[in-house]
Amino acid sequence: MFNQHINFIVNRKNVYTGIKYKNDPTIMSWELANEPRGVDNVTAYLRWINSTAGLIKNLDHNHLVTTGSEGATSDPLASGTNFFKDHSSKNIDYTTIHIWVQNWNYYDPEKADSTYSKAVNFALEYLNNHILISKKLNKPLVLEEFGISRDLDSHDPASAVTVRDNYFEKIFEEVYKRANQKECVIAGCNFWAWGGEGRPGNPGGIWKLNDDFIGDPPHEFQGWYSVYDKDSSTISIIKKYALRMDNINKKEQHSAEEKLYKVF
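### Some words on the side chain of S226
Inspection of the secondary structure puts S226 in the loop between β6 (194-196) and β7 (227-228). Of the polar contacts made by the side chain of S226, one reaches the backbone nitrogen of G215; its length is 3.0 Å. Polar contacts involving the side chain of S226 include one to the side chain of D216, which spans 2.7 Å. Excluding anything up to four places from it in sequence, S226 contacts R150, R164, A193, G195, I214, G215, D216 and D231.

Listed below in structure tokens is the structure:
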């Protein structure tokens, strides 16, 4: 049933453009799952990664495929994850990680003075460890998710985001710095998560029918990690580093064009 669903989705035709997903240039990649784990079925889990990614590759020759892994996680033994093995399949094009300093109990927003610096150090070390493993795999790495709550863990969209802004700046700067180095495998990152014009119906509560859809999924506390259209200071940081990363891409394109010109 799972494979049938994959076949349905990959071959689905966009009703507005008439383009099948497998031929759509606006899609970058397929992901097997969100934060898959082997738990106590690691052998079967690794087989599943290889076979499922292979199925997608057979159906779609245009797009990348990855796992959706959070990496080593806060407890790799209990999670049944091994970052190297989980991304070793020839059908997996690049590696992924998520960093959740708050969920993994490295950061306490009500004790920010004593936990924030330690949490940042953990995040940077976690990123670096996975960069090193990705180099061994000779595959790019994408930091798919990272985030932190508003000050004092407030879920009110009007509350301060001083700590969040500092954290975003730290993570983006490290990703940019590493991406700008020669032969570095890190290819980009995504913050979690864009809430846009939406607002939580009950800040700190669970989503209910007719509430806005925001960045926080319906089963999680609404307003926890969402970045809204009025969070101007956060948006300014996101935009700054988006442009910097884009400039890296432009430099690489220019370099490739120069090499091509010399060949001809």
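Next, the rest of the story.
### Concerning the packing of helix α1 (residues 2-10) against helix α2 (residues 42-59)
The N-to-C vectors of α1 and α2 enclose an angle of 30 degrees; their axes lie 10 Å apart at closest approach. Classed by the angle they form, the pair α1 and α2 counts as roughly parallel. Considering only the axes of α1 and α2, their crossing is right-handed. When α1 is examined against α2, the residues F2, N3, I6, N7 and V10 are found in contact with a partner set consisting of W48, T52, L55, I56 and L59.

### What about the nonpolar core?
Within the largest apolar cluster, 37 residues are counted, with the highest numbers of intra-cluster contacts made by I99, V101 and Y167. Leaving out residues up to four positions away in the same chain, I99 has contacts with W104, A123, Y126, L127, L143, E145, F146, G147 and Y167. Counting residues in hydrophobic clusters, the runner-up holds 11 residues, among them I6, Y45, I49 and I92.

### Section: the pattern of salt bridges
Per the stated rule, a full pass over the model turns up nine salt bridges. The residue K177 makes a salt bridge to E174 at a minimum N-O spacing of 3.2 Å. Of this pair, K177 and E174 both sit in helix α6 (residues 162-179), three residues apart, which is roughly one turn of that helix. A salt bridge links D229 to R199; its shortest N-O distance comes to 2.8 Å. You can see D229 sitting in the loop between β7 and α7 (232-263) and its partner R199 sitting in the loop between β6 and β7, a full 30 residues away along the chain. When its relative accessible area of 30% is taken as the criterion, D229 is described as partly exposed. Relative accessible area serves as the criterion here: at 26%, R199 is assigned to the partly exposed category. Here the salt bridges share partners, and the residues they tie into one network are E174, K177 and R178.

### What about the pairing of strand β3 (residues 95-99)?
Regular strands show a simple pattern: their side chains alternate between the two faces of the sheet. The buried count for β3 comes to five of five residues, which makes it a mostly enclosed element. Judged by which residues are buried, β3 turns out to be covered on both faces: T95, I97 and I99 on one side and T96 and H98 on the other are all buried. By the bridge criterion, five bridges tie β3 to strand β4 (residues 141-146) in an arrangement that is parallel. In the strand pairing of β4, H98 is matched with E145. In this fold, the crossover linking β3 to β4 by way of helix α5 (residues 112-137) has right-handed handedness.

### Points about the packing of aromatic side chains
Taken as a whole, this structure holds 18 aromatic pairs when the rule is applied. Between F168 and F191, the ring centres sit 5.8 Å apart and the planes meet at 45 degrees, which makes this aromatic pair tilted. Of the two residues, F168 sits in helix α6 while F191 sits in the loop between β5 (186-189) and β6, which places them 23 residues apart along the sequence. Assessed through its relative accessible area of 0%, F168 is described here as buried. When its relative accessible area of 21% is taken as the criterion, F191 is described as partly exposed. Here the aromatic residues F146, Y167, F168, F172, Y176, F191 and Y241 are joined through ring pairs into a cluster of three or more. Against the face of Y176 rests R244, its NZ or CZ located 5.6 Å from the ring centre. Lying over the aromatic face of Y241, R244 brings its terminal NZ or CZ to 5.0 Å of the ring centre.

Cut-off values and rules
Residues numbered from 1 in each chain as written. Predicted model: local features only at pLDDT ≥ 70, side-chain atom pairs only at ≥ 80, totals over all residues. Heavy atoms only, no water. Helix = DSSP H or I, 4+ residues; strand = E, 2+ residues; numbered from the N terminus. Polar contact = N/O pair within 3.5 Å; in protein donor to acceptor, adjacent residues only side chain to side chain. Contact = heavy atoms within 4.5 Å. Axes fitted to C-alpha atoms, helices over the stretch in contact; angles between N-to-C directions. Parallel < 35°, antiparallel > 145°, perpendicular 65-115°, else oblique. Left-handed = near helix turned anticlockwise from the far one by under 90°. Core = buried A, V, L, I, M, F, W, Y, C linked by side-chain atoms within 4.5 Å. Buried < 20%, exposed > 50% of the residue type's maximum accessible area, 1.4 Å probe, protein only. Salt bridge = Lys/Arg side-chain N within 4 Å of Asp/Glu carboxyl O. Pairing = 2+ DSSP bridges. Right-handed = clockwise from strand over helix to strand, strands pointing away. Phe/Tyr/Trp six-rings, centres within 6.5 Å; stacked < 30°, edge-to-face > 60°. Lys NZ or Arg CZ within 6 Å of the ring centre and 35° of its normal.

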